[in-house]
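Per-entry structural report
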Amino acid sequence: MDGKVLVLPITGEGACELKLDDIDATVNLIGKELVKDGVTFMEVDKFNFDFETKKLHLNFQNLFNGNKDLGTQMNTFLNTNSAEVLKELKPSVQEAFGMAFGEISNRIFKKVPYNKIFV
């Protein structure tokens, strides 16, 4: 190939599974009081999520338009190099979890009065 590197795009549509071993997570909620009908609730403005893990396990389904051999090899490569992959994925994972947990927190905090959660 005359020293050229062939790069195949990693494409596909399907399920993705991420497993984290021995995870330590830190969450930081930033919110404000929300008073409805004289009762104080909390509204989450920002939910910061940070984590450390011993090992990341990845399993992507239907990579390379369903080519099982290429998909298996890519999953093996990603898991063998999971520390490096995690460095690349971690900011996106933290942001996604922060957004999801922030939405869930708001659903709870807007229904349960502040003094029932924080004593």
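Above this note sits the structure.
A short tour of the structure in this document, coming up. Everything quoted here is computed from the prediction, not taken from an experiment. (Residues numbered from 1 in each chain as written. Predicted model: local features only at pLDDT ≥ 70, side-chain atom pairs only at ≥ 80, totals over all residues. Heavy atoms only, no water.)

Concerning the nonpolar core
Let me state the cut-off plainly: Nine residue types can take part in a nonpolar core, namely buried Ala, Val, Leu, Ile, Met, Phe, Trp, Tyr and Cys, and a core is a set of them joined through side-chain atoms within 4.5 Å. Here's how the labels work: a residue is buried when its accessible area is under 20% of the maximum for its type, exposed when over 50%, partly exposed in between, all with a 1.4 Å probe on protein chains only. Only DSSP runs of H or I with at least four residues qualify as helices, and only runs of E with at least two residues qualify as strands; both kinds are numbered from the N terminus onward.
Grouped together as the largest cluster of nonpolar side chains are 15 residues, with contacts concentrated most on Val-44, Phe-51, Leu-56, Leu-58, Met-74, Leu-78 and Val-85. Looking at this core, the elements with two or more residues in it are strand S3 (39–52), strand S4 (55–60), helix H1 (68–80) and helix H2 (82–109). Broken down by element, the residue count for this core peaks at five residues, all from S3.

Observations regarding H2
Put simply, the rule is: The seven residues ending at a residue and the seven starting there each receive a fitted axis; the angle between those axes is the bend at that residue. Should any heavy atoms of two residues lie within 4.5 Å, those residues are counted as being in contact.
Taken as a whole, H2 carries its principal kink of about 50° at Leu-89; the proline Pro-91 stands between one and four residues after it. For H2, the set of buried residues is Ser-82, Val-85, Leu-86, Lys-90, Val-93, Gln-94, Gly-98, Gly-102, Ser-105, Asn-106 and Phe-109. Here the buried face of H2 lies against strand S1 (16–21), strand S2 (24–36), S3, S4, H1 and helix H3 (114–117).

Section: the pattern of salt bridges
Applicable threshold: Whenever a carboxyl oxygen of Asp or Glu lies within 4 Å of a side-chain nitrogen of Lys or Arg, that contact is scored as a salt bridge.
Throughout the structure, instances matching the rule amount to six salt bridges. One salt bridge in this structure joins Asp-50 and Lys-90, with 3.8 Å as the shortest N-O distance. Note that Asp-50 is positioned in strand S3 and Lys-90 in helix H2, a separation of 40 residues in sequence. Within the structure, one salt-bridge network assembled from shared partners comprises Lys-32, Glu-43, Asp-45 and Lys-110.

Let's talk about empty space enclosed by the protein
Rules: With a 1 Å grid laid over protein atoms only, a set of points is called a cavity when a 1.4 Å probe fits there but cannot get out and a pocket when it is open yet has protein on both sides within 12 Å along at least five of seven lines; lining residues have an atom within 4 Å of a point. Grid points are joined across faces, edges and corners, and a volume is the space filled by probe spheres set on the points.
Applying the stated rule across the entire model yields one cavity of 30 Å³ or more. In this model, the largest cavity occupies a volume close to 30 Å³. Around the largest cavity sit Leu-18, Leu-20, Phe-51, Leu-56, Leu-86, Val-93 and Phe-97, which together line it. Among the elements of the structure, S1 and H2 are those that each provide at least two residues to the lining of the largest cavity. It is H2 that provides the largest number of residues to the lining of the largest cavity, a total of three residues.

A few points about unusual backbone geometry
At Asp-37, a residue that is not glycine, the phi angle is positive and equals roughly 55°. Mapping Asp-37 onto the fold places it in the loop between S2 and S3. Even without being a glycine, Phe-64 presents a positive backbone phi close to 50°. Tracing the chain through its elements places Phe-64 in the loop between S4 and H1. Judged by its relative accessible area of 13%, Phe-64 is buried.

Any functional reading would require information beyond the geometric quantities listed.
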